[in-house]
Amino acid sequence: MRTESRQGVVVAAGIDTSKRSRRRLLRLLWCASSCVAAVGHADPASDAAILGQSSEGPRVDEFRLRLTSYYQEGHGYQSKAGTLAGPGSERSLIVQPMMLVGIRQNARIHHEVVVPVDIVSAASVNALDVVSHASAVNEAIGVELTSRFDLTDDDQLTSNLAWHEEEPFGSGSFGLGYGHAMADDNALLGISGQATFDRFDYLQSNGDRHGRRNRSALNGNLNLSQLLSPTTVFDASYGLTFQQGTLETTYNSVPAFGGTSRIGERFPHSRTRNAVQARVAQHFPETHTTLRAAYRYYWDTFQLRAHTTEFELHQYLFPRLIVRGSFRYYAQAGVDFFTTAFPAHESLLLPRTADSDLAEFHAQEYGLKLLWLARGQSSLDIGYFHYFRDNGLYANVFSFGYGGGF
Amino acid sequence: MRSCLWLLLCFVGCASNRPPVARAAVLPAVELTRVNGGGESLKAALGGSVAVIDLWATWCTACEQQRPKLERLHEAYFARGLHVIGLDVGETPSVLNAYLAAHRTSYPIYLDPDFRVADALGEKRLPTLLVIDREGRIIRRSPALDAQTLATIKALLAPAP
């Protein structure tokens, strides 16, 4: 069940079921359990028959499957899959099946369990492949549990727990969020925090293994959504993340000493990251069109600065068929210790990276998605995205999704 | 990049020209448009009965999922004086008629192509159910026909002690 707003064809499309809608539904379900028993006169039909409910108890109310394949091709200096002094291959194929199950525990508590599975075939992503060529494929699996609790009509608490495990890497995280609806549900204020802990093998670029290393991250977010008009929603957010520990990708390498050798990547021990974002969505009822625009500015203590501008167009082609076109432009000023040739006279204690993700570049992404809303609460979608950037990397992403509600 | 930011700010500025609508506490004096043309006042359409107004649209999947419940509600309580009406919001007669040709409803459907009635009712979300008492007061607003909404309807229909 989804509540939809005129400005929210996006929600109607099932692309993004809003937290507020779900909260409102949960609130009503909670009220129902206390009020339905208060009416005692004879009924011409039972409540359960009219409402089509078999039980108010725990039940699975949502099920989604998604298969995404991500193929990238390009070259980066951090990769050893090339010459000593030049960039190496960044070719990678990632296939990610994902399953989501929504569980209604009772009228006030709802859970979502997500199980993503990554299957990675890579020339440079997997450290073991780079240094030993022992395997061409790497698998990763995790589980995420997000729970929502209605505290009052206007207040909601969320929690999430996540665990991820793959070949030389394990990660766990937990977080809490609080949302408060204001101004007759026309505004929503949210605050959330998350802690993440990673533990991984310290694999050097030459293949040596030096025990285990850790890193951790603390993240906080503040978000305000405001209904500006019946067809316009504005949203602003700020996020702050503090990371510490072994932040580098330990098997990444940097060409050094005039191209005669490579040394390992080295990062500062901590990093503070900031991001502000503003988004607006405008719905045009006459044409069943929704336009979304967003701008994001990112900065951190590695002196990385990034601007992202994004546009999305959602258009109903037929009553049950929606097309979504998207465009994203991204411009990044690289970290101040990026280099493709580490000088011989510099101290090896200095931070350095040749990772193309941290270089200066401009990127664009075009996307097209078709969503078919089947009868009942089922939906099917198929999407294609093409990403490319001006420092030698491009990616093609295909996705296929199925969703059902009960 | 700067031009993108200006475009975004312009977008927000333009959008804010239309303020959110105020919520009505009683039925407003507005005219409904019948599917086959012609008008009828909202109050006359409800005839002083306990009523449920379903604001919906053909593209709204959540509205469609709710329709069987409303059909059963209408069937069960019409004889006891409940009036259920549907108000198709923001769509043209041709779109609605094409839809109704394939999806028959047992309760009356009206049109609100320019959001005039929805704005007068103070509603901006679909689906929304309004529960109206015999005096024309809006007793409950709900995004779904849930147990509490049904309990409210039954309480309004119950004979006075």
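Details of the structure are given in the entry above.
Conventions used here
- Residues numbered from 1 in each chain as written.
- Chains lettered and ligands numbered in written order.
- Predicted model: local features only at pLDDT ≥ 70, side-chain atom pairs only at ≥ 80, totals over all residues.
- Heavy atoms only, no water.
- Disulfide = S-S within 2.5 Å.
- Buried < 20%, exposed > 50% of the residue type's maximum accessible area, 1.4 Å probe, protein only.
- Pairing = 2+ DSSP bridges.
- Helix = DSSP H or I, 4+ residues; strand = E, 2+ residues; numbered from the N terminus.
- Axes fitted to C-alpha atoms, helices over the stretch in contact; angles between N-to-C directions.
- Contact = heavy atoms within 4.5 Å.
- Polar contact = N/O pair within 3.5 Å; in protein donor to acceptor, adjacent residues only side chain to side chain.
- Core = buried A, V, L, I, M, F, W, Y, C linked by side-chain atoms within 4.5 Å.
- Phe/Tyr/Trp six-rings, centres within 6.5 Å; stacked < 30°, edge-to-face > 60°.
- Lys NZ or Arg CZ within 6 Å of the ring centre and 35° of its normal.

Undergrad: Any details on the state of the cysteines? Residues and values, ideally.
TA: Residue and element names in this part refer to chain B. Taken as a whole and assessed by the stated rule, the structure comprises 1 disulfide over all chains. Between the sulfur of Cys 60 and that of Cys 63 lies a disulfide, 2.2 Å long from S to S. Between Cys 60 and Cys 63, the disulfide has an S-S torsion of 85° and is therefore right-handed. We classify Cys 60 as buried; its relative accessible area is 1%. The exposure class assigned to Cys 63 is buried, which follows from its relative accessible area of 1%.

Undergrad: Report on the sheet that holds strand S4 (residues 82–89) of chain B, specifying residues and quantitative values.
TA: Two modes of strand pairing occur in sheets, parallel and antiparallel, and in both the strands are linked by backbone hydrogen bonds. All names here are of chain B. Strand order in the open sheet formed by 7 strands is S2-S1-S5-S4-S3-S7-S8, and the pairing between neighbours is mixed. Of all the strands in the sheet, just strand S2 (39–41) and strand S8 (138–142) have a single pairing partner and so form its edges. Strand after strand, the sheet turns through a mean of 30° between neighbouring axes, direction not considered. Bridge analysis of S4 against strand S5 (residues 109–112) gives 4 bridges, and the strand direction is parallel. Within the sheet, the bridge partner assigned to Asp 88 lies in S5 and is Leu 111. Sheet strands in contact with helix H3 (residues 61–77) are strand S3 (50–56), S4 and strand S7 (128–132), and its direction is about 160° off that of S3. Running at roughly 160° to S8, helix H6 (residues 147–157) makes contact with S3, S4, S7 and S8 of the sheet.

Undergrad: Describe the environment of Gln 243 of chain A, and please don't skip the residues or the numbers.
TA: All names here are of chain A. Within the secondary structure, Gln 243 sits in strand S11 (residues 232–245). In this structure Gln 243 comes out as buried when scored by relative accessible area, which is 15%. The sequence separation of Gln 243 and Arg 273 amounts to 30 residues, and the corresponding C-alpha distance is 8.1 Å. The residues contacting Gln 243, other than those within four sequence positions of it, are Ser 216, Ala 217, His 269, Ser 270, Arg 271 and Arg 273. Separated by 3.1 Å, the side chains of Gln 243 and Arg 273 make a polar contact.

Undergrad: Help me get a handle on the nonpolar core, residues and values and all.
TA: Membership of the largest hydrophobic core comes to 56 residues, with the highest contact counts inside it found for Leu 42, Ile 53, Leu 55, Leu 73, Leu 82, Leu 87 and Leu 121 of chain B. Among residues more than four places away in sequence, those in contact with Leu 73 of chain B are Ile 50 of chain A together with Val 52, Phe 78, Leu 82, Val 84, Leu 145, Leu 150 and Ile 153 of chain B. Leu 304, Leu 358, Leu 393 and Ala 395 of chain A belong to the second largest nonpolar core, which has 16 residues in total.

Undergrad: Describe the packing of aromatic side chains, and please don't skip the residues or the numbers.
TA: All names here are of chain A. For the structure shown, the criterion picks out 10 aromatic pairs over all chains. Here Tyr 330 and Phe 361 contribute two aromatic rings whose centre-to-centre distance is 5.7 Å and whose plane-to-plane angle is 35°, an arrangement assigned as tilted. Of this pair, Tyr 330 sits in strand S17 (residues 321–333) while Phe 361 sits in strand S18 (residues 361–373), and the two are 31 residues apart along the sequence. Each of the two residues, Tyr 330 as well as Phe 361, counts as buried. Plain terms: the ring middles of Tyr 384 and Phe 398 are 5.0 Å apart, the flat faces sit at 40° to each other, and that makes the pair tilted. Of this pair, Tyr 384 sits in strand S19 (residues 379–389) while Phe 398 sits in strand S20 (residues 393–405), and the two are 14 residues apart along the sequence. Tyr 384 gets classed as partly exposed once you look at its relative accessible area, which sits at 33%. In this structure Phe 398 comes out as partly exposed when scored by relative accessible area, which is 47%. Of the aromatic side chains, those joined through ring pairs into one cluster are Phe 267, Phe 302 and Phe 337. When the ring centre of Phe 342 is taken as reference, the NZ or CZ atom of Arg 352 above it lies at 5.2 Å.

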